[in-house]
Amino acid sequence: MSSTREDSIDALLEPFPRETIGHLPTPLHPLPRLSEALGGPPLWIKRDDCTGLATGGNKTRKLEYLMGAARAEGADGVVSFGALQSNHARQTAAAAAALGFPCDLILVTNVNYREPAWEVSGNRLLDELLGAKLHIVPDEAAAAGCLQTLLGGANDAGKQLYVIPTGGSNAIGALGYVNCAGELLAQCEALELRPGTLVSATSSLGTQSGLLVGLHAARSPIQVRGINTYSAHPANQAEALRRLCDETAELIGTEPPPSDSLRIENDFLGGGYGVPSEAMQRAVEEVARLEGVLLDPVYTGKAMAWLLAAVREDRLSPEEPVVFLHTGGSPGLFAYQQCLSGHPAP
Ligand SMILES: *Cc1c(COP(=O)(O)O)cnc(C)c1O
């Protein structure tokens, strides 16, 4: 039997140490009521909110390879970063707990949103339950100082800390989404589904980079649209995506994806990272009420808002199915309680 393209992605990932902590493959299923309500292309959803690890999300796949590297390097503990309501921080805390690593989390509070629940509930509550040590700091400069202090202390104690970047987004973390590309292609083949577009929220870019590198390695025609939920500087974000795609392709020894495939949509960021928008609120409600699927206020709600607008404005071919990558984040709903509650069904 000839080997399939997905097998070749498996072969490319074979050399890298991995902790198989995810619940994989995640489901790929249609969204029939949402598709019908919109009257555009058939919409499907890839449920990476169901990856396991303390309510799931896209960081699980990255952490399989990052924790694999931490173990291979003989680390005594891990340290990572995020905003106070970071899903990445929560999933890192869960992965560390499951694998027996002490975990330090450096969390910044400089997000332009406040309500009482944002300060104490959602991901932050879960970080504490999962046993991570929290270091809450005002901004990135203070986070860098905190990291130096932790590394110095570990060094004095003869211990080695493995540093996981924000969002788990370096080339090693992106391998998790090279893997997802192979998984998705195998599922599409089994279902005889030929999507034209794959839509994902994008922030620290490991998800989008891994998908682009994996799909290009498999010669897939699926176009990836990353919906910017983070950066107010699109030019920097585009450059960072180019760099991470190149580093990830180099790590696995494949050709980098062409520049015209690196597409980021910048119109749905609203007031900035973690700042709610009207379009996000409507998208979260619409998908909850039509499909019983929970999105999140920081990432997937804004990405879905882009998709709803693109379909309503006829910007996507009605013939080609669209896959929405659900990257997780539902604990964030509880941190935005004031903004999301009190909208009864009409
Ligand atoms: C981190 C995150 C993203 C963005 O993924 P990146 O790889 O950082 O671009 C999207 N959705 C959710 C729910 C996340 O937690």
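Quantities reported herein were computed from a predicted structural model and do not represent experimental measurements.

Enquirer: Whenever I open this one, the pairing of strand E3 (residues 77-83) confuses me. Can you help?
Expert: Consecutive side chains along a regular strand alternate between the two faces of the sheet. When you tally the buried positions in E3, you get seven out of seven residues, the bulk of the element. Of the strand pairs in this sheet, E3 and strand E6 (residues 161-164) are connected by four bridges, and their pairing is parallel. Residue pairing across strands places Val-78 opposite Tyr-162, the latter belonging to E6. Pairing of E3 with strand E4 (residues 103-108) involves six bridges; the strand directions are parallel. Following the sheet pairing, Ser-80 is matched in E4 by Leu-105. For the handedness criterion, the β-α-β arrangement of E3, helix H4 (residues 87-99) and E4 is classed as right-handed.

Enquirer: I tried to follow the site of the ligand on my own but got confused; where do I start?
Expert: By nearness alone, 16 residues border the ligand, and Lys-59, Lys-62, Ser-204, Thr-207 and Thr-327 come closest of all. Between the ligand and Asn-87 there is a distance of 3.0 Å, counted from an oxygen atom to a side-chain nitrogen or oxygen. At 3.3 Å from an oxygen atom of the ligand is found a main-chain nitrogen or oxygen belonging to Gly-206. For the ligand, the accessible surface in isolation is 380 Å², of which the surrounding protein chains cover 98%. Going through the elements one at a time, helix H3 (59-72), strand E7 (197-202) and helix H9 (206-217) are the ones with two or more residues in the shell around the ligand. Each residue belonging to the shell around the ligand can be placed in one class, and the counts come to three nonpolar, eleven polar and two charged.

Enquirer: Whenever I open this one, helix H10 (residues 234-252) confuses me. Can you help?
Expert: In an α-helix, one turn spans 3.6 residues; hence positions three or four apart end up facing the same way. An ideal rise of 1.5 Å per residue puts 27 Å on 19 residues; H10 measures up with 27 Å between its terminal C-alpha atoms. Directly beyond the C-terminal end of H10, a positive phi value near 75° is found at Gly-253.

Procedures and definitions
- Residues numbered from 1 in each chain as written.
- Predicted model: local features only at pLDDT ≥ 70, side-chain atom pairs only at ≥ 80, totals over all residues.
- Heavy atoms only, no water.
- Buried < 20%, exposed > 50% of the residue type's maximum accessible area, 1.4 Å probe, protein only.
- Helix = DSSP H or I, 4+ residues; strand = E, 2+ residues; numbered from the N terminus.
- Pairing = 2+ DSSP bridges.
- Right-handed = clockwise from strand over helix to strand, strands pointing away.
- Near = heavy atom within 4 Å.
- Polar contact = N/O pair within 3.5 Å; in protein donor to acceptor, adjacent residues only side chain to side chain.
- Areas by Shrake-Rupley, 256 points an atom, 1.4 Å probe, with all protein chains shown as cover.
- Nonpolar A, V, L, I, M, F, W, Y, C, P; charged D, E, K, R; others polar.
- Expected span 1.5 Å × (residues − 1).

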